[in-house]
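Letter by letter, the chains look like this.
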Amino acid sequence: MTFHIRNFDHARDKAAALSFIEGSQAYEHEVEPNRRLDHAVASDYLPVLLAEVAAKDGRIFVAELDGMAVGWAAITQECHPVFVTEAERDFGYITELFVAAEARGTGIGQALILACEVEARRRGLTQIVNGVLSASSRTADIYAQAGFRPYTAELRKYL
C-alpha cells in the first residue's frame, strides 16, 4: 500500500470530494446528531467550501492510496482579532480532514495534517489551528499525535 499527497483537482476529484463530505457527515453524526445525512449535503457544501478556500487563500490536498483518492485536507489562512499580538495574528486553519474508513490507520491522516503544516510554514505562518467536536475523541487523538494541544473551547447550551 503506497500513498501520496497531491493538490486537489476539481475536475478529477469532484466525485471523491462529495464522498468525503458525506463520509465526514456520517462520521461526525455519530457524536453530533445535528449533522445532515442526506445526499444533498455534499453538493450543497462543496461549492461553499471551494469558495471559502479561494477567498481565504487556501489549499486542498488529496491523499491517494494505490491510485485512488481516499482522503483530503483543506487549509485556509485566517486572522485572530486585534487583541492577539501581531506576530501571532495570522494562522493556518485546517477546515477539513477526512480519511475513508478503509484507509484509516495507514498514516494518511497524519500525512494530510503534515501537508497543511508545510503549507502554513511556506506562507510564513507560525501556528495552525483546527476545530474538533468535543465528543470525537478519535479525531482529537489524531491531532494530538500530530502535536496539537487545546487552545480554546467553545461551549454550547440548547435553549
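Residues numbered from 1 in each chain as written. Predicted model: local features only at pLDDT ≥ 70, side-chain atom pairs only at ≥ 80, totals over all residues. Heavy atoms only, no water.

*Asks:* Even after reading the chapter, I still don't get the packing of aromatic side chains, so can you show me in this structure?
*Replies:* Remark: the centre distance and the inter-plane angle together describe each pair of aromatic rings, the angle taken between the planes. What the rule picks out here adds up to four aromatic pairs. Taken together, a centroid distance of 5.2 Å and an interplanar angle of 75° make the contact between Tyr 143 and Phe 148 edge-to-face. Taken as a pair, Tyr 143 and Phe 148 share a single burial class, namely buried. A connected cluster of aromatic rings, assembled from ring pairs, spans Phe 8, Phe 20, Trp 72 and Phe 98. (Phe/Tyr/Trp six-rings, centres within 6.5 Å; stacked < 30°, edge-to-face > 60°. Buried < 20%, exposed > 50% of the residue type's maximum accessible area, 1.4 Å probe, protein only.)

*Asks:* Please clarify how unusual backbone geometry should be interpreted in this entry.
*Replies:* Keep in mind that most residues, glycine aside, have a negative phi and that most peptide bonds are trans. In this model, Asp 57 sits at a positive phi of 50°, which is unusual for a non-glycine residue. Within the secondary structure layout, Asp 57 lies in the loop between α2 (40-55) and β2 (59-65). Located in the positive-phi region is Asp 66, a residue other than glycine, with phi close to 50°. Under the relative-accessibility criterion, Asp 66 is labelled exposed at 54%. (Helix = DSSP H or I, 4+ residues; strand = E, 2+ residues; numbered from the N terminus.)

*Asks:* Looking at this structure, how should I read the sheet that holds strand β4 (residues 90-99)?
*Replies:* The strands making up a sheet are joined through hydrogen bonds of the backbone, oriented either antiparallel or parallel. Strand order in the open sheet formed by five strands is β1-β2-β3-β4-β5, with mixed pairing between adjacent strands. The open sheet has two edge strands with one neighbour each: β1 (3-7) and β5 (128-130). Going from strand to strand, the sheet's axes swing by 30° on average, the running direction of each strand aside. Relative to β5, β4 runs parallel, the two sharing three bridges. Bridge pairing links Tyr 93 to Val 129 in β5. Across the face of the sheet, helix α3 (residues 108-122) comes into contact with β1, β2, β3 (68-79), β4 and β5 while running at roughly 150° to β2. (Pairing = 2+ DSSP bridges. Axes fitted to C-alpha atoms, helices over the stretch in contact; angles between N-to-C directions. Contact = heavy atoms within 4.5 Å.)

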